[in-house]
Amino acid sequence: MVPSSTVTVLDGGLSTALEQQGVEVGGALWTASLLAEAPERIRRAHRSYFDAGADVATAATYQASEEGFREAGFDEDEARRLIARGVALAIEARDQCDAPAGRLVAASVGPYGAVLADGSEYRGRYGVSAERLRDFHAPRLELLAAAGPDLLAVETIPDVDEAVVIADLLDEIGLPAWVSYSIRGPETCAGQPLREAYAALADCSVLVAAGVNCSAEGDVLDAVRIAVEETGLPAVAYPNRGGQWDPSTKCWSRDQPFDVDLIDAWIAAGATYIGGCCGSGPSDIEKLARRVALSEPPAPPGA
């Protein structure tokens, strides 16, 4: 399947595709640990999403940082090399596709709390200064941009304060990017109104989309509408698969299938980047891609 002219199909949860290979994902580095231990598994996971119809592979860099790798025992040079490898593996998977043209690689940029691995990525309000957030994000953004992705996927951001710091850095780097919040109903996970959250992104010149991920499917539509209204940009939407995540036990409860029937409304509201997050695997993305194809207007005669 070639990328849609109006809707770009994103991939699903990298950890989900890895778990389907029999890989146990855990620890402070999460999927980034496989950049050192089993890079071929990550490449295979990316390829499984491309084969399912995804137009974008999201690199295994969500929890990758120099600080995190150093705490895991790697030296500075090794840490930098592994961060770049995350992007390289996604590029290799893309280039192995039968029709690689038009397919994209997004370097994942997770929140500060993800690297802490203490659950704070789901609540924000870390109790650190904007300077600390800038000092953390700036070098990893520079490393990721230098590795050659097509764009940056700044995702699962729980807090407006962190998003503002990152948005300023994105403008300095100049690479296209999207920013997606993790939300609960009408607020970010840190408790800020969504209108405030998306309005804070409106002046970021490199954004191609703003929206929501790692959140309940039922919360997506309103977030998409508000994101489009406040930023004037297309929206990005890739919620969790049905069910509820318990960060203390690191397990899903009440698992439910991916509800592709919601996609038409997201598209109508302005979502042009659509995929899945935690719990969504290649089979979910295959269903999503088929639904997107059905939602597309027919090509004009002679196109």
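Residue numbers here run from 1 along each chain, matching the order of that chain's written sequence. In view of the model being predicted, local features appear only for residues whose pLDDT reaches at least 70, and side-chain atom pairs are presented and counted only at 80 or more, with totals across whole chains, interfaces and linings using the full set of residues. Water and hydrogen atoms play no part in the side-chain values, which are based on all heavy atoms of the structure.

*Asks:* Requested: an account of the pattern of salt bridges, with residues and values cited.
*Replies:* By definition here, a salt bridge exists when the distance from a side-chain nitrogen of Lys or Arg to a carboxyl oxygen of Asp or Glu is within 4 Å. Under the counting rule described, the total for this entry stands at 17 salt bridges. One salt bridge connects Arg132 with Glu67, and the closest N-O pair in it is separated by 2.9 Å. Here the residue Arg132 occupies a position in helix H7 (residues 130-146), and Glu67 occupies one in helix H4 (residues 66-71), the gap between them amounting to 65 residues. Among the residues examined, Glu67 registers a relative accessible area of 24% and is labelled partly exposed. One salt bridge connects Glu229 with Arg195, and the closest N-O pair in it is separated by 2.6 Å. With Glu229 in helix H10 (residues 220-231) and Arg195 in helix H9 (residues 194-199), this residue pair connects regions lying 34 residues apart in the sequence. By relative accessible area, Glu229 is classed as exposed at 52%. Because the salt bridges share partners, they merge into one network encompassing Glu66, Arg70 and Arg80. Every helix listed is a DSSP run of H or I at least four residues long, and every strand listed is a run of E at least two residues long, numbered separately from the N terminus. Type-normalised accessible area, obtained with a 1.4 Å probe on protein chains alone, sets the label of each residue: buried when under 20%, exposed when over 50%, and partly exposed for intermediate values.

*Asks:* Tell me about the UniProt feature "binding site: Zn(2+)" (unreviewed entry) in the protein chain, and please be specific about residues and values.
*Replies:* As recorded in UniProt, the feature "binding site: Zn(2+)" (unreviewed entry) lies at Cys214, Cys277 and Cys278. Sequence-wise these annotated residues cover 65 residues; spatially they are packed, their C-alpha atoms never more than 6.4 Å apart. Assignment of secondary structure puts Cys277 in the loop between strand E12 (271-274) and helix H12 (282-295). UniProt positions are given in the numbering used here, feature names are shortened, and annotations may be inferred rather than shown by experiment.

*Asks:* Residues and numbers for the nonpolar core, please.
*Replies:* Judged by nonpolar contacts, the single largest core of 86 residues is most densely connected at Phe69, Leu152, Leu170, Tyr181, Tyr198 and Leu201. Ignoring sequence-local partners within four residues, the contact set of Phe69 consists of Leu29, Ala32, Leu35, Ala64, Phe74, Ala79, Leu82 and Ile83. By size, the runner-up hydrophobic cluster in this structure holds 14 residues, among which are Ala106, Val236, Tyr273 and Cys277. What is meant by a nonpolar core is a set of buried Ala, Val, Leu, Ile, Met, Phe, Trp, Tyr and Cys residues, joined one to another through side-chain atoms within 4.5 Å. Residues are treated as being in contact if the distance between any of their heavy atoms lies within 4.5 Å.

*Asks:* I'd like a description of the confidence of the model for the protein chain, backed by residues and values.
*Replies:* The share of residues in the protein chain with pLDDT of 70 or more is 90%, and the mean pLDDT across the chain is 91. The low-confidence segment residues 1-5, where pLDDT is below 50, has eleven contacts with residues more than four positions distant or belonging to other chains. The predictor attaches a confidence to each residue, called pLDDT, with possible values from 0 through 100. Contacts of residues 298-303 to residues separated by more than four positions or lying in other chains number zero contacts, the stretch itself having pLDDT below 50.

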